[in-house]
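Given next are the chains, with one letter for each unit.
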Amino acid sequence: MAMVEEFYHSDAVSHPVKRQVLEQTFADAVGSDPVLNGYVLTEDGRIVGFAYTTVYYACEVGGRCMMFEEIYLKKETRGKGYGTRFLELIMEENPQVKRFRLEVTRSNEGAVRLYEKLGFSFLEYDQMVLDRQG
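Residues numbered from 1 in each chain as written. Predicted model: local features only at pLDDT ≥ 70, side-chain atom pairs only at ≥ 80, totals over all residues. Heavy atoms only, no water.

Visitor: Explain the pairing of strand β4 (residues 99-102) here, please?
Guide: Put simply, side chains in a regular strand alternate between the two faces of the sheet. By the bridge criterion, four bridges tie strand β3 (residues 63-73) to β4 in an arrangement that is parallel. Counterpart to Cys65 in the pairing with β4 is Arg99. With helix α3 (residues 82-93) bridging β3 and the parallel β4, this β-α-β connection has right-handed handedness. (Pairing = 2+ DSSP bridges. Helix = DSSP H or I, 4+ residues; strand = E, 2+ residues; numbered from the N terminus. Right-handed = clockwise from strand over helix to strand, strands pointing away.)

Visitor: Help me understand the sheet that holds β3 in this model?
Guide: The strands making up a sheet are joined through hydrogen bonds of the backbone, oriented either antiparallel or parallel. On the basis of which strands lie adjacent, the open sheet formed by four strands has the order β1-β2-β3-β4 and mixed pairing. The sheet is open, and its two edges are formed by β1 (36-43) and β4, each paired on a single side. Each neighbouring strand pair of the sheet contributes to a mean axis angle of 30°, computed without reference to strand direction. Relative to the sheet, helix α2 (residues 19-30) contacts β1 and β2 (46-58), its axis offset from that of β1 by approximately 85°. Along the sheet face, α3 touches β1, β2, β3 and β4 and points at about 160° away from the line of β3. (Axes fitted to C-alpha atoms, helices over the stretch in contact; angles between N-to-C directions. Contact = heavy atoms within 4.5 Å.)

Quick look at the structure:
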């Protein structure tokens, strides 16, 4: 949870999220909910980051899509290839997925460079949301 808190207080996130929501997401990611997968990224037995993914169907691609919901690397581990290796591994292990998707703030220039290097590109439309209260 400490890394989740750090992620949500960084320039990678454009809006605040209540701690209760972060705790519920963490619980779902490490629990038995098949919709959300949580990953702890390690190197030589030490934790270097975490990630969440989820799979859904998208009509515009005619198949399954995977959303990288969150990818976080500790500051001292960035630029060492961990993000690249994680993304490539997940994409390789999921050949049934037709589109991989993620969200990034444009000000997070290091992440944007990484994602573009791996072939990601910006979509040219905005998303809208309706959050249910409760």
